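Read off the chains here:
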Amino acid sequence: MASFSLPAIHDNPDGGWGPSSSNLPEQFKFKDIPYAPYSKSDKLGRFADWNDISGDGRNTGVGSLPSQSARGGGAGRGRRDGQQAFGSGTASAFAYFHAEDESSFSLVDSKATTVRRGGAMVRGRGGARGAGGFSTRGGAQRGGRGGFTPGRGGGAQRGARRGWRDWEKSNRTREASVAISSAWQMLEEIEFHRLAKLRLEVDDPEDLDTYGRLFAYDKAYDRIVTKSEKPLQLVDRIKYNTTTSDDPVMQELAAKDTATVYTTDVILSGLMCAPRSVYPWDIVIVREGNKLFFDKRDGGPFDTVTVNENAADPPQDPTPPNPNNPTEKSITPETLSINSATSLSLEATYINQNFGFQTAIETPPPPPVDFNKPNPFYGPDETEPLASCGYRYRVFDLGVTEDDNLKICVRTEVDCYSAGQGSPRLGQGLITIRALNEFDPRAPGAGGAPDWRTKLDTQRGAVVATEMKNNSCKLAKWTVQSILAGADLMKIGYISRVNPRDNTRHVILSTTSVRPTDFAAQLNVSLTNGWGIVRTVTDLLMKQPEGKYVLVKDPNKPVIRLYAVPLTAFNMEEDDEEGALDVEEQESS
């Protein structure tokens, strides 16, 4: 019977895993071989290939140059020009050099060769078309405009524009909208591709009550063209954007157990259009008993309007200094560029507010329309006039079955009413007003937008298509807000700078009217998907105990995360703001 003898086991005297470097057995002959990193995507087709020096591990084909692959360009199929393979920088550790051969080797003829006209390096339309090129389908790319130029169809591959001009782009890492504390506990992480598959059909809402006063929309702005542009005026009016928990009407409705979830149309539209978002955002959620309150932070992402968020090269802010490297100098200038992401966002918010104020007719006729109750946020001590704004509190039923009693109460907003289109008190002829802004077509982050002054009247479709591509998330949120409010029309103004280098003066170039439901179909906005996202997030929160939670969009990945936070979270910011206001009042007195 064969016997088995156990080999000697070398214990690690250091107490760690694996063999120790101080107790390495003698039979290990390869302990000094350097480590070469590798990638799972590397093509391990053969052990060695002496004929291939292109670096992609494949034969180059008979009759073609070694640096050219059989079908596609110089650096391998699908690989951008100049981009190295993973771990290629350490391949020289295994290279063999013979000292005598290297020192004795020399060229017989060191004279530089002249390139003949029409040869491989032709500058015209030759190259890959077979007129002096290397091959009709391989060498220099079919339809190229030059032998080896890595631009349009040169030595680069088809699909090489996937990372167009990466060499001059700054780092795309963004900061989170809220600082993630170590005391927070992450409860759930959901990728956007999972959110995009959710569906929930919701019936028409139930109107609870209406508040505020509406002015009529000035239809003269519908007749503005680029040749008869009108300046954007600074109108001093008050318009409130109060969060859910600070809304006295919401507190009254919650005391009556009207619904399970309470929120505003701005917050709800951001959640329903979450898969389109690129910039970071966060929603503060408080569970009290069996009720959920979706809130926003003052001065947070929901108080401003983004610009070209979905563009291939969106506007960027200067990179902040690394807090872990105290020696690193900040490259943030003292004054931000007028075309940075933050500056453009503030400019777009200013434009949206003033365009809505300017297009309202405050002096009759037609007369203003008062809703059932006055503005709930306008106190008796206020002296400045109110802007045209109406609040409609509506309840949507998110129940899946008859026994599932899950309702959401939403405070929606409308900006004006259209005279002669029915009674606004009954929800007829209501209008929401928004504005798109042009900053500088040649500036970084413009997203390839055409010049509005020359294209808006003649090629409006191209302008609209570009805006739908570059501002997909913003337009989707505006459309969802209009549908939630039950508005019949959404007015979109096209506003540009008087001078591209001045972000303080603007002109109105044109105004268009769209029906929210039709515009949602053009944008491919699915309300059933949005309601499915809301229901899924609500179910996750209803499984948690009472407390405060934060739903955070990752700044650099298509992911949202749910955190459990202390009840005192975000209260410090409010206390600091109140303290600063008290100090200012004391100094002024």
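Rules used throughout
- Residues numbered from 1 in each chain as written.
- Predicted model: local features only at pLDDT ≥ 70, side-chain atom pairs only at ≥ 80, totals over all residues.
- Heavy atoms only, no water.
- Buried < 20%, exposed > 50% of the residue type's maximum accessible area, 1.4 Å probe, protein only.
- Helix = DSSP H or I, 4+ residues; strand = E, 2+ residues; numbered from the N terminus.
- Arc of directions from axis to C-beta.
- Contact = heavy atoms within 4.5 Å.
- Polar contact = N/O pair within 3.5 Å; in protein donor to acceptor, adjacent residues only side chain to side chain.
- Phe/Tyr/Trp six-rings, centres within 6.5 Å; stacked < 30°, edge-to-face > 60°.
- Pairing = 2+ DSSP bridges.
- Salt bridge = Lys/Arg side-chain N within 4 Å of Asp/Glu carboxyl O.
- pLDDT = per-residue confidence, 0-100.
- Patch = residues over 30% accessible without salt bridge, like charges linked within 9 Å, V, L, I, M, F, W, Y side chains within 5 Å.
- Areas by Shrake-Rupley, 256 points an atom, 1.4 Å probe, with all protein chains shown as cover.
- Disulfide = S-S within 2.5 Å.

### Considering helix α3 (residues 248–255)
Each full turn of the α-helix corresponds to 3.6 residues, which orients residues three or four apart in the same direction. Within α3, the full set of buried residues consists of Val 249, Met 250, Leu 253 and Ala 254. The buried residues of α3 occupy an angular sector of 135 degrees when projected down its axis, which confines them to one face. Those residues of α3 that are buried lie in contact with β2 (206–217), β4 (261–264), β6 (291–295), β9 (389–397) and β10 (407–414). Capping of α3 at its N-terminal end is provided by Asp 247; its side-chain oxygen lies 3.0 Å from the backbone amide nitrogen of Val 249.

### Points about the packing of aromatic side chains
Two aromatic rings, taken as a pair, are described by how far apart their centres are and by the angle between their planes. This structure, assessed with the given rule, holds 9 aromatic pairs. Judged by centre distance (5.9 Å) and plane angle (45 degrees), the rings of Tyr 240 and Phe 377 are tilted. One end of the pair, Tyr 240, is in the loop between β3 (230–231) and α3; the other, Phe 377, is in the loop between β8 (369–370) and β9, and 137 residues separate them in sequence. Among the residues examined, Phe 377 registers a relative accessible area of 14% and is labelled buried. Linked through ring pairs, Trp 184, Tyr 563 and Phe 570 together constitute an aromatic cluster.

### Concerning the pairing of β2
As paired elements, β2 and β9 share 7 bridges and run antiparallel to each other. For Tyr 211, the partnering residue across the bridge sits in β9 and is Tyr 391. Where β2 and strand β11 (residues 416–417) come together, 2 bridges link them in parallel fashion. In the sheet register, Ala 216 faces β11, and the bridge partner there is Tyr 417. Here β2 runs beside strand β7 (residues 360–361); their pairing, made up of 2 bridges, is antiparallel. Directly across from Ala 216, in β7, lies its bridge partner Ile 361.

### Digging into the pattern of salt bridges
Throughout the structure, instances matching the rule amount to 21 salt bridges. For Asp 207, the salt bridge is made with Arg 394, and the minimal N-O distance between the two is 2.7 Å. Highlighted residues: Asp 207 in strand β2 and Arg 394 in strand β9, separated in sequence by 187 residues. Classification of Asp 207 by relative accessible area gives partly exposed; the value is 43%.

### Digging into the confidence of the model for the protein
Mean pLDDT for the protein: 78, with 67% of residues reaching 70 or above. For the stretch residues 115–162, pLDDT sits under 50, and the model shows 77 contacts to residues farther than four places along the chain or on other chains. Across residues 577–581, where pLDDT falls below 50, the model places 1 contact with residues more than four positions away in sequence or in other chains.

### A few points about unusual backbone geometry
The residue after Pro 364, namely Pro 365, is reached through a cis peptide bond having omega -5 degrees. By the element assignment, Pro 365 lies in the loop between β7 and β8. Of note in the backbone geometry, Asp 257 takes a positive phi value of approximately 55 degrees without being a glycine. Summarising the element assignment, Asp 257 is placed in the loop between α3 and β4. Residue Asp 257 is classed as exposed on the basis of its relative accessible area, which comes to 52%. Despite not being glycine, Asn 308 shows a phi value in the positive range, around 55 degrees. With respect to the helices and strands, the residue Asn 308 is situated in the loop between β6 and α5 (341–358).

### Some points on a nonpolar patch on the surface
Together, Phe 4, Leu 6 and Ile 9 give the surface a local cluster of nonpolar side chains, amounting to about 430 Å² of exposed area. Considering the arrangement of structural elements, one finds Phe 4 in the segment before α1 (99–104).

### A few points about the state of the cysteines
Applying the stated criterion across every chain yields a total of 0 disulfides. With no disulfide of its own, Cys 389 has Cys 416 as its nearest cysteine by sulfur position, at a separation of 9.6 Å. Note on Cys 389: relative accessible area 3%, which makes it buried. Here Cys 473 stays unpaired: no disulfide links it, and the sulfur of Cys 273, its closest cysteine neighbor, is 6.1 Å away.

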